[in-house]
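# Examination of the molecular architecture
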Amino acid sequence: MIELRQPYYDLSPAVFKPMLQALKGLESSSLGSTLIELVFLRVSQINGCAYCLEMHSKALRKDGVEQTKLDALAGWKVSNHFSDKERAALAWAEAVTLITEGAEDAVYQPLLQFFTAQEISDLTFTASLMNAFNRLAIGMRM
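Residues numbered from 1 in each chain as written. Predicted model: local features only at pLDDT ≥ 70, side-chain atom pairs only at ≥ 80, totals over all residues. Heavy atoms only, no water.

## Remarks on the packing of aromatic side chains
Applying the stated criterion across every chain yields a total of five aromatic pairs. Ring geometry for Phe16 versus Phe133: centroids 6.0 Å apart, planes at 80°, classification edge-to-face. Pair noted here: Phe16 is in helix α2 (residues 13–27) and Phe133 is in helix α9 (residues 117–139), with a separation of 117 residues, a long-range link. When its relative accessible area of 15% is taken as the criterion, Phe16 is described as buried. Each member of the aromatic cluster is reached from another via a ring pair, and the members are Tyr8, Tyr9, Phe16 and Phe133. (Phe/Tyr/Trp six-rings, centres within 6.5 Å; stacked < 30°, edge-to-face > 60°. Helix = DSSP H or I, 4+ residues; strand = E, 2+ residues; numbered from the N terminus. Buried < 20%, exposed > 50% of the residue type's maximum accessible area, 1.4 Å probe, protein only.)

## A word on the pattern of salt bridges
Taken as a whole, this structure holds four salt bridges when the rule is applied. A single network of salt bridges, built from pairs that share partners, joins Arg42, Lys77 and Glu94. (Salt bridge = Lys/Arg side-chain N within 4 Å of Asp/Glu carboxyl O.)

## Here we look at the UniProt feature "domain: Carboxymuconolactone decarboxylase-like" (unreviewed entry) in the protein
According to UniProt, the feature "domain: Carboxymuconolactone decarboxylase-like" (unreviewed entry) maps to residues 14–95 in the numbering used here. Span residues 14–95 is 73% helix and 0% strand, its end C-alpha atoms 29 Å apart. (UniProt positions renumbered as here; feature names shortened; annotations may be inferred.)

Rendered as structure tokens:
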């Protein structure tokens, strides 16, 4: 078992608690918990956060997502388990996560077919927050 380097959540509550509040704010988003959790899981796959992979896989199974869909998430681009709306969201989440490759218009434009401006903002926060949580968990060995 890997030992936690620092209990960052206890040491920096003035920063950590608002991050949790931001996640709570997403719960009221019209994106829906399943799409948010899919984005959380995909971002965590890219970042290699084992703790988050377990947590978000469990949440998706609890939401009724089939294991075959979860198994296909890393290959969503070639899988028939994902809707066009989910594909647009996952592509954007990857662009936000792999930001040095650029969040190009070709990835952004499909969002406009499926999401409102507020939902695009919420989706961007979803990916961004998960990236922050992944970096904390990986860096501090959660």
